[in-house]
Amino acid sequence: MSQPRTVAVVVGSLRKDSVNRKVAKALAALTPGLTFDFIEIGDLPHYDEDVEAAGAPEAWTRFRKEIAARDAVLFVTPEYNRSVPGVLKNAIDVGSRPYGSSVWNGKPGAVISVSPGAIGGFGANHHLRQSLVFLNVPLLSQEAYIGAAFTLFGENGELVNESTAEFLKGFGQNFAAWIERILAEPAGKAAA
Ligand code: FNR
């Protein structure tokens, strides 16, 4: 049997009790056909071209290698002031350079936004999509806005909302199928 496809999970929150991380973990548990690896972004120095020219910091190199080594990428993000948290934007910028060596190029991806609010991080989700389209990440078109997120988990961090579990299960299946479809393209999207 072939190995499951690997997915780099990038969570846009550094908070220990992050509800975004809980959603990402729930999706991973509900998608047995994929292997999800959580990639650290909190230690990445702010992107600075002068620093790149002088020699990339170890954390940037580590991050780039970890993304490049996976078949696909999943972003799970909170909304900060109707956009993505700065730490996530920085991670995207770090992965996009040096120019011509972006680790995002052609990698199949998906976006989930999660918020305790009613509109599920819609603004962050679409700002993120805008960057990812520019970076030639072939994105699963299915939208995922998880609202009222503080009501969805029990005391031990377990997902207790059945309709959210059903939604995530379907989303995971669709993402797995999307990854296969993109990776099967002979030239790949990376040629674009
Ligand atoms: C927020 N929060 C927030 N929520 C939202 O739905 N829309 C928004 O624009 C904002 N803006 C915002 C700015 C800043 C600076 C902070 C710290 C927070 C609330 C946010 O959704 C909440 O803190 C979530 O719990 C963050 O997700 P994690 O950390 O639980 O994964």
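Residues numbered from 1 in each chain as written. Predicted model: local features only at pLDDT ≥ 70, side-chain atom pairs only at ≥ 80, totals over all residues. Heavy atoms only, no water.

1. Quick look at the overall build of the chain
- Check the secondary structure of the chain and you find 6 helices and 5 strands.
- Taken over the C-alpha trace, the chain has a radius of gyration of 16 Å; the compact-globule value for 192 residues is 16 Å, and the two agree within 12%.
- C-alpha extents for the chain along the principal axes are approximately 50 × 40 × 25 Å.
- Per-residue burial over the chain gives 47% buried out of 192 residues. (Helix = DSSP H or I, 4+ residues; strand = E, 2+ residues; numbered from the N terminus. Rg over C-alpha atoms; globule rule 2.2 N^0.38 Å. Buried < 20%, exposed > 50% of the residue type's maximum accessible area, 1.4 Å probe, protein only.)

2. Overview of the pattern of salt bridges
- Going through the model one piece at a time under the given rule, you end up with 8 salt bridges.
- Ionic pairing is found between Arg70 and Asp37, a salt bridge with its closest N-O pair at 3.0 Å. Of this pair, Arg70 sits in the loop between helix H3 (58-68) and strand S3 (72-77) while Asp37 sits in strand S2 (residues 34-38), placing them 33 residues apart in sequence.
- Owing to a relative accessible area of 22%, Asp37 belongs among the partly exposed residues under this scheme.
- Between Asp43 and Arg62 there is a salt bridge, with the nearest N and O atoms lying 2.7 Å from each other. Of this pair, Asp43 sits in the loop between S2 and helix H2 (49-54) while Arg62 sits in helix H3, placing them 19 residues apart in sequence.
- Taking relative accessible area as the criterion, Asp43 reaches 39% and is therefore assigned partly exposed. (Salt bridge = Lys/Arg side-chain N within 4 Å of Asp/Glu carboxyl O.)

3. Quick word on the environment of Ala28
- Examined against the element boundaries, Ala28 turns out to sit in helix H1 (residues 19-30).
- Taking the C-alpha atoms as reference points, Ala28 and Leu168, separated by 140 residues in sequence, lie 9.1 Å from one another.

4. Details of the site of the ligand
- Around the ligand, a shell composed of 13 residues is seen, among which Ser13, Arg15, Ser18, Glu79 and Ser115 lie nearest.
- In the model, an oxygen atom of the ligand is placed 2.8 Å from a nitrogen or oxygen of the Asn20 side chain.
- Ser115 places a side-chain nitrogen or oxygen 2.6 Å from an oxygen atom of the ligand.
- Classifying every residue of the shell around the ligand by side-chain character gives 5 nonpolar, 5 polar and 3 charged. (Near = heavy atom within 4 Å. Polar contact = N/O pair within 3.5 Å; in protein donor to acceptor, adjacent residues only side chain to side chain. Nonpolar A, V, L, I, M, F, W, Y, C, P; charged D, E, K, R; others polar.)

5. Digging into the packing of aromatic side chains
- Evaluation of the coordinates by the stated rule reveals 5 aromatic pairs.
- Here the aromatic rings of Tyr47 and Trp60 are separated by 4.9 Å at their centres, their planes lie at 25°, and the arrangement is stacked. In this pair, Tyr47 is assigned in the loop between S2 and H2 and Trp60 in helix H3, connecting sequence segments 13 residues apart.
- For Tyr47, a relative accessible area of 22% translates into the label partly exposed.
- Here the aromatic residues Phe63, Phe75 and Trp104 are joined through ring pairs into a cluster of three or more. (Phe/Tyr/Trp six-rings, centres within 6.5 Å; stacked < 30°, edge-to-face > 60°.)

6. Details of unusual backbone geometry
- Backbone torsion omega between Arg97 and Pro98 reads 0°, so that peptide bond is classified as cis.
- Tracing the backbone through its elements, the reader meets Pro98 in the loop between helix H4 (86-96) and strand S4 (109-114).
- Non-glycine residue Asn136 carries a positive phi angle of around 60°.
- By the element assignment, Asn136 lies in the loop between helix H5 (122-134) and strand S5 (145-146).
- In this structure, Ala148 takes a positive phi of about 50° despite not being glycine.
- Tracing the backbone shows Ala148 in the loop between S5 and helix H6 (162-184).

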